[in-house]
Amino acid sequence: MMKEKWWRNSVAYQIYPRSFCDSNGDGIGDINGIRSKLWYLEELGVDVIWLSPIYASPGADNGYDICDYYNISPEYGTMEDMKALIQECENRGIKIIMDLVVNHTSDEHPWFVEAKKSKDNPYRDFYIWREGGTGNPPNGLESCFGGSAWEYSQETGEYYLHFFHKKQPDLNWENETMRKEIWKMMNYWIDMGIGGFRMDVIDMIGKVPDQEIKENGPKLHEYLQEMNRETFGDKNLMTVGECWGADTRNGSLYSDPERKELDMIFQFEQIMIDQVPGKQKWDLQPLDLKRLKEVFAKWQKALDKKGWNSLFWNNHDLPRIVSRWGNDKEYRVESAKMLATALHGMKGTPYIYQGEEIGMTNYPFLRIEDFTDVESLNMYQERKEKGYREEEIMESLRAKSRDNARTSMQWNDSREAGFTTGKPWYRVNPNYTEINAEQALKDPDSIFYYYQKLISLRKKEPILTEGTFELLCPEDEHIFAYTREWEGKKWLAACSFYEKQVCFSYPGQGKVVISNYGQEAVTSLEQIELRPYEAAIYEII
Ligand code: NOJ
């Protein structure tokens, strides 16, 4: 039964529409821009696009604040463009999974516009309202973007809940009429022919604000089962839930097929390793490779039989991986390929974030004026008020700001990196003259072709999709190595995470499946010297 699921050997590519490709010169990426680049995605070999929100939105959080789920934001195009995109993707064997943002809406959504009018408005209960003390919010719940999660609403003298921006009021999932509206909207998109949904902060829908429960609330799985029954359950789509608060136990609750919830979750334990435990993402600490390996191995094991993993380094909320855990200077190409090897060798569905396949880097931010993202700007304000030093704040922002991922896609070395003929809504990384897609397509050793090879291996080799996972040398501080085994075949991945030359050994000989230094076809594995950021997958013979 599990094997019939088409997405098991798929590779997804995330498009952040605003920054991908602008077709009409207004400086904002759009749907027709995406249509003009489908050949590029087909060349890369991906078969799923995760499309960040393109719905009507006032743009307080770049589209994650939706005011009409049934319409396209004019800056991205029209519903006709969207239908054409779905059709053209289908012609190329690519499915589109839509971003489903239903933990909250925009405060400009007609439901909220109604809800805030009066306490007895029929839409009042679609959102979460509480009385506060004089000048005091109902409780200490905090917004993920900083400050209180409660906003006072003048009209009725009550507070509403917003776990993100105050322009993103939280929906009340206890309300059955509201849930039915969501099912209706999901079915509308399913009928249009999409391939599935990526569900924004879905682990928050079961919130219990009075007990200060944000994630993993008691009714969360009940709601997901209802969603499954009422919408995609019998459709063979792909569903992935964004869950910052997941652990391996509830990871399999979401994605065990027998429970009829989601196909997989996007969890972030591996990505939070370079922050001080218990603190915020801005509180930096160096990567602890041993811990990273431990976390990956734990998830690989936990979801081996019951559930499914998403594999990713990057998305629109995360800094660029080659700058984060690779070396974006002299070993940019080697380290980008090494990181790709380590990730794509594991079991699960890999996700590539736009530009990752050409090794795009973090932006060289100098001043606070260089940032645009609400989360970054709020944190700057908050930490300034708390007395943090300017340089310390800037260091955190340079390392972790979501703006790193939101600069223009670098298509070629012409002005504005070929992203737009106008003035881009945000910045273009000055390194576009060297790092761009056109350049990558001309170079047979490029990061692009390495990703292409990894993707085609996943299509051809069931060991990558089905094989069991075993971590090797957990105590080694430089190398991430593991084996995969399937029907008598055994593969070994060995990835050096640092510049230092290191030794690795494994009994027997290996036939090279893929390698970032172009190794000999057959190698003895007894004593391998790994060069800076060297990585390879071998078939044990
Ligand atoms: C998670 C999304 O990935 C992020 O970009 C957004 O700001 C929040 N959810 C709120 O929707």
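Just so it is clear, the structure is predicted and the values come from calculations on it, not from any experiment.

1. Details of the domain arrangement of the chain
Part 1 of the reasoning: In terms of domains, the chain is made up of domain 1 (110–161), domain 2 (368–400) and domain 3 (467–540).
Part 2 of the reasoning: Each side of the interface is counted separately: domain 1 has 4 residues, and domain 2 has 4 residues.
Part 3 of the reasoning: Taken together, domain 1 and domain 2 are joined by 0 salt bridges.
Part 4 of the reasoning: Counting across the interface, domain 1 meets domain 2 through 2 residue pairs in polar contact (both at pLDDT 80 or more).
Part 5 of the reasoning: Residues that form the side of domain 1 that touches domain 2 fall into these classes: 2 nonpolar, 2 polar and no charged.

2. Details of the site of the ligand
Part 1 of the reasoning: If you check the shell around the ligand, you find 13 residues, and the closest are Asp-61, His-104, Asp-200, His-316 and Asp-317.
Part 2 of the reasoning: The separation between an oxygen atom of the ligand and a polar side-chain atom of Arg-198 is 3.2 Å.
Part 3 of the reasoning: Interatomic distance of 2.8 Å between a side-chain N/O atom of His-316 and an oxygen atom of the ligand.
Part 4 of the reasoning: For the ligand, the accessible surface in isolation is 300 Å², of which the surrounding protein chains cover 98%.

3. Notes on the layout of surface pockets
Part 1 of the reasoning: There is about 380 Å³ of room inside the second largest pocket.
Part 2 of the reasoning: Around the second largest pocket sit 21 residues that line it, and Lys-5, Asn-228, Gly-233, Pro-257 and Asp-263 are the ones nearest its centre.
Part 3 of the reasoning: Class assignment of the residues belonging to the lining of the second largest pocket gives a composition of 8 nonpolar, 6 polar and 7 charged.

4. Examining the packing of helix α10 (residues 332–344) against helix α14 (residues 447–460)
Part 1 of the reasoning: Axis separation between α10 and α14 bottoms out at 10 Å; the angle between their running directions is 15 degrees. As the angle between them shows, α10 and α14 are arranged roughly parallel. At the point where α10 passes α14, the crossing takes the right-handed sense. Contact with α10, carried on its side by Arg-332, Val-333, Ala-336, Lys-337, Ala-340, Thr-341 and His-344, involves Ile-447, Tyr-450, Tyr-451, Leu-454 and Arg-458 of α14 and no other residues of that element.

5. Comments concerning the state of the cysteines
Part 1 of the reasoning: All chains considered together, the criterion is met by 0 disulfides.
Part 2 of the reasoning: In this model Cys-21 remains outside any disulfide bridge; the closest cysteine sulfur is found in Cys-89, 14 Å from its own.
Part 3 of the reasoning: The class for Cys-21 is buried, based on a relative accessible area of 7%.

6. Let's talk about the nonpolar core
Part 1 of the reasoning: Counting residues in each nonpolar core, the largest one holds 133 residues, and the members touching the most others are Met-82, Trp-189, Trp-313 and Phe-497.
Part 2 of the reasoning: Mapping this core onto the domain boundaries places at least three of its residues in each of domain 1 (110–161) and domain 3 (467–540).

7. Looking at the pattern of salt bridges
Part 1 of the reasoning: Evaluated as defined, the whole model comprises 48 salt bridges.
Part 2 of the reasoning: Here Arg-402 ties to Asp-61 by a salt bridge, and the two come within 3.1 Å at their closest N and O atoms. Remark: Asp-61 occurs in the loop between β3 (55–56) and β4 (68–72) and Arg-402 occurs in the loop between α12 (390–400) and α13 (437–442); sequence separation between them is 341 residues. Accessibility assignment for this pair places Arg-402 and Asp-61 in one class, buried.
Part 3 of the reasoning: Here the salt bridges share partners, and the residues they tie into one network are Asp-61, Lys-281, Asp-317, Asp-373, Glu-375, Arg-402 and Arg-406.

8. Focus: the sheet that holds strand β1 (residues 12–15)
Part 1 of the reasoning: Taken together, 8 strands build an open sheet; the order of strands is β11-β10-β9-β5-β2-β1-β13-β12 and the sheet is parallel. For this open sheet the edge positions go to β11 (264–267) and β12 (310–311), each flanked by a neighbour on one side alone.
Part 2 of the reasoning: In this sheet, strand β2 (residues 48–51) lies alongside β1 in parallel orientation, the contact comprising 4 bridges. Across the sheet, residue Ile-15 finds its bridge partner in β2, namely Leu-51.
Part 3 of the reasoning: Contacting β2 and β5 (95–100), helix α3 (residues 79–91) crosses the sheet at an angle of about 140 degrees to β5.

9. Looking at the packing of helix α5 (residues 176–191) against helix α6 (residues 220–230)
Part 1 of the reasoning: Close contact between α5 and α6 brings their axes to 10 Å; oriented N to C, the two are set at 45 degrees. The pairing of α5 with α6 is recorded here as oblique in orientation. Regarding α5 and α6, the two cross each other, and that crossing is right-handed. Packed against α5, whose contacting residues are Arg-179, Trp-183, Met-186 and Asn-187, the element α6 presents Tyr-223, Glu-226, Met-227 and Glu-230 at the interface.
Part 2 of the reasoning: Of the residues that constitute the contact of α5 with α6, the class distribution is 4 nonpolar, 1 polar and 3 charged.

10. Considerations on the sheet that holds strand β15 (residues 479–486)
Part 1 of the reasoning: Overall, antiparallel pairing links the 6 strands, which are arranged β14-β15-β16-β21-β18-β19 in an open sheet. The two strands at the open ends of the sheet, each matched to only one other strand, are β14 (468–472) and β19 (522–524). For this sheet the average axis-to-axis angle between neighbouring strands, irrespective of direction, equals 30 degrees.
Part 2 of the reasoning: The pairing of strand β16 (residues 489–496) with strand β21 (residues 535–540) spans 5 bridges and is antiparallel.

11. Some points on the side chain of Thr-239
Part 1 of the reasoning: Checked against the element boundaries, Thr-239 lands in strand β10 (residues 238–243).
Part 2 of the reasoning: Thr-239 gets classed as buried once you look at its relative accessible area, which sits at 1%.
Part 3 of the reasoning: In contact with Thr-239, other than residues within four places in its own chain, are Phe-197, Met-199, Phe-232, Glu-261, Leu-262, Asp-263 and Met-264.

12. Thoughts on the packing of aromatic side chains
Part 1 of the reasoning: Tallying each qualifying case throughout the model produces 39 aromatic pairs.
Part 2 of the reasoning: Measuring from ring centre to ring centre gives 5.7 Å for Trp-7 and Trp-308, while their planes differ by 65 degrees; the resulting arrangement is edge-to-face. Of the two residues, Trp-7 sits in the segment before β1 while Trp-308 sits in the loop between α8 (289–302) and β12, which places them 301 residues apart along the sequence.
Part 3 of the reasoning: Overall, Trp-7 belongs to the buried group, its relative accessible area being 3%.
Part 4 of the reasoning: These aromatic residues form a ring-pair network of at least three members: Tyr-55, Tyr-69, Tyr-70, Trp-111, Tyr-123, Phe-126, Tyr-188 and Trp-189.
Part 5 of the reasoning: A cation over a ring is seen here: Arg-124 above Trp-129, with NZ or CZ 3.7 Å from the ring centre.

13. Description of the pairing of β10
Part 1 of the reasoning: When you tally the buried positions in β10, you get 6 out of 6 residues, the bulk of the element.
Part 2 of the reasoning: Of the two faces of β10, the one holding Met-238, Val-240 and Glu-242 and the one holding Thr-239, Gly-241 and Cys-243 are both buried throughout.
Part 3 of the reasoning: Pairing of strand β9 (residues 196–199) with β10, which is carried by 4 bridges, proceeds in the parallel orientation. Bridge pairing in β10 links Met-199 to Gly-241.
Part 4 of the reasoning: Between β9 and its parallel partner β10, the chain crosses via α6, and the hand of that crossover is right-handed.
Part 5 of the reasoning: Of the pairings in the sheet, the one linking β10 to β11 comprises 4 bridges and is parallel in character. By the bridge assignment, Gly-241 is partnered in β11 with Ile-265.

About the criteria used
Residues numbered from 1 in each chain as written. Predicted model: local features only at pLDDT ≥ 70, side-chain atom pairs only at ≥ 80, totals over all residues. Heavy atoms only, no water. Domains from an automatic or database assignment. Contact = heavy atoms within 4.5 Å. Salt bridge = Lys/Arg side-chain N within 4 Å of Asp/Glu carboxyl O. Polar contact = N/O pair within 3.5 Å; in protein donor to acceptor, adjacent residues only side chain to side chain. Nonpolar A, V, L, I, M, F, W, Y, C, P; charged D, E, K, R; others polar. Near = heavy atom within 4 Å. Areas by Shrake-Rupley, 256 points an atom, 1.4 Å probe, with all protein chains shown as cover. 1 Å grid on protein atoms, 1.4 Å probe; cavity = no way out; pocket = protein on both sides within 12 Å on 5 of 7 lines; lining within 4 Å. Points joined across faces, edges and corners; volume = space filled by probe spheres on them. Axes fitted to C-alpha atoms, helices over the stretch in contact; angles between N-to-C directions. Helix = DSSP H or I, 4+ residues; strand = E, 2+ residues; numbered from the N terminus. Parallel < 35°, antiparallel > 145°, perpendicular 65-115°, else oblique. Left-handed = near helix turned anticlockwise from the far one by under 90°. Disulfide = S-S within 2.5 Å. Buried < 20%, exposed > 50% of the residue type's maximum accessible area, 1.4 Å probe, protein only. Core = buried A, V, L, I, M, F, W, Y, C linked by side-chain atoms within 4.5 Å. Pairing = 2+ DSSP bridges. Phe/Tyr/Trp six-rings, centres within 6.5 Å; stacked < 30°, edge-to-face > 60°. Lys NZ or Arg CZ within 6 Å of the ring centre and 35° of its normal. Right-handed = clockwise from strand over helix to strand, strands pointing away.

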